[in-house]
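# Understanding the architecture of this molecule
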Amino acid sequence: MSVIIAILDVGILTFILFKAYELITKTNSMQIIRAAIIMGLIYGIAYIMKLNTLNWILGHITNVLFISIAIVFQPELRKVFLKLGQNEWFSFGNRAKDTPVESVLIAAEELSKLRRGMLVVWLRNSKIDDIKRIGTVLNADISSSLLVTIFKYDTPLHDGACIIRGNKIYAAGCFLPPSENYEIKKTFGTRHRAALGQASVSDAVVLVVSEETGAISLAYDSSLHYDLSMNELKKTLESLLNLNKDDKKVKEKSDEHTAII
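First, a word on scope: everything that follows refers to the structure included in this document. (Residues numbered from 1 in each chain as written. Predicted model: local features only at pLDDT ≥ 70, side-chain atom pairs only at ≥ 80, totals over all residues. Heavy atoms only, no water.)

## Comments concerning the packing of helix α5 (residues 100-113) against helix α7 (residues 144-152)
This is how it is decided: Throughout, an axis means a line fitted to C-alpha atoms (over the contacting stretch in the case of helices), and angles, computed between N-to-C directions, take values from 0 to 180 degrees. Put simply, DSSP marks the helices as runs of H or I at least four residues long and the strands as runs of E at least two long, and each gets a number from the N terminus on. Two helices cross in a left-handed way if the nearer one is turned anticlockwise from the farther one by less than a right angle. They cross in a right-handed way if the turn is clockwise. We call two residues in contact whenever any of their non-hydrogen atoms come within 4.5 Å of each other.
Axis separation between α5 and α7 bottoms out at 8 Å; the angle between their running directions is 35°. For the pair α5 and α7, the crossing hand works out as right-handed. The segment α5 lies against α7, with Ser103, Val104, Ile106, Ala107, Glu110 and Leu111 engaging Ser144, Leu147, Val148, Phe151 and Lys152.

## So, the nonpolar core
Generally speaking, a soluble globular protein has its nonpolar side chains buried in company with each other. Definition in use: Put simply, a nonpolar core is a bunch of buried Ala, Val, Leu, Ile, Met, Phe, Trp, Tyr and Cys residues held in one set by side-chain atoms that sit within 4.5 Å of each other. We call a residue buried when its accessible area falls under 20% of the maximum for its residue type, exposed when it is over 50%, and partly exposed in between, using a 1.4 Å probe and counting protein chains only.
By size, the foremost hydrophobic cluster in this structure holds 29 residues, and its most contacted members are Val104, Met118, Val120, Trp122, Leu147, Leu207 and Leu237. At the level of elements, α5, β1 (118-122), α7, β3 (161-165), β4 (168-174), β5 (205-209), β6 (216-220) and α10 (230-240) are the ones that each hand at least two residues to this core. Top contributing element to this core by residue count: α5, with 6 residues. Each residue touching Leu237, except ones within four places of it in the same chain, is listed here: Val101, Leu105, Trp122, Val205, Leu207 and Leu218. In this structure, Leu119, Ala171, Ile184 and Leu196 belong to the second largest nonpolar core, which totals 20 residues.

## Topic: the pairing of β3
On a regular strand, one side chain projects to one face of the sheet and the next to the other, so that they alternate. Using the following cut-off: Two strands are counted as paired when DSSP detects at least two bridges linking them.
In terms of burial, β3 is largely enclosed, as 4 of its 5 residues are buried. As defined by bridge partners, β1 adjoins β3 across 3 bridges and the pair is classed as parallel. Bridged to Trp122 within β3 is Ile164. Across 4 bridges, the pairing between β3 and β4 is antiparallel. By the bridge assignment for β4, Arg165 is matched with Lys168. Between β3 and the antiparallel strand that follows it, β4, lie 2 residues; Gly166 among them carries a positive phi value of about 70°.

## Observations concerning the pattern of salt bridges
Working definition: two side chains of opposite charge can pair if their charged atoms are close together. For clarity, the threshold we go by: Each reported salt bridge corresponds to a side-chain nitrogen of Lys or Arg within 4 Å of a carboxyl oxygen of Asp or Glu.
Across all of its chains, the model carries 6 salt bridges by this definition. The salt bridge partner of Arg191 is Glu211, with a shortest N-O separation of 3.5 Å. Linking Arg191 in helix α9 (residues 190-201) with Glu211 in the loop between β5 and β6, this pair joins segments that are 20 residues apart in sequence. What makes Arg191 buried here is its relative accessible area of 17%. Connected through salt bridges with shared partners, the residues Glu102, Lys234 and Glu238 form a single ionic network.

Below, the structure written as structure tokens:
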């Protein structure tokens, strides 16, 4: 029983120290710590060296100093107590944020349910400056909200493709070269033909959401992988974009999912 109590004692102390460190680093409260350390050092030096006058002064103005520190560092102290009152204080580390790929897939899933078309191009090695010049340069952080805003409503940018370069939506409203395969044209709509066309002339990866069926597909290496699940989309994109180096090469999809030019 004593061992359990000791472990619990150490565990609670570790948790409190860890969270105290998080609060200090996140709220810029290091200034308060520095002020307290300086005052402690001054008081310690005065006590060790028996500086009676300084000890007498510090002893009488300690309360005033604490009040002064509270006033001077009021914004930092307020942030500390606000953090203490939040539920996230009781969780270790920061909450995981959506990766750029996950943000695109969240938007694709929502637009799929709404039967709104979507076209997103990830640049790899090939350059498509001629296409980017046609569109509108955004250079914005990738977010599902921004993508939904672009494609959900009939805005001037919704009718083209979004170009992703690195972790940025570089441009929107870009028009892609349509596929010249006539069999594909009979089967798929404008967005799918554009996705296949781009996959035929570059090594870009293109995600397309069908406005008619809501199917989410990927085009790359001159082929269209049609109506993939969220899990398939995520694994394929992470592998093609080298986001997970430990993943094996993406397996070829079955004939019902793939149409090769």
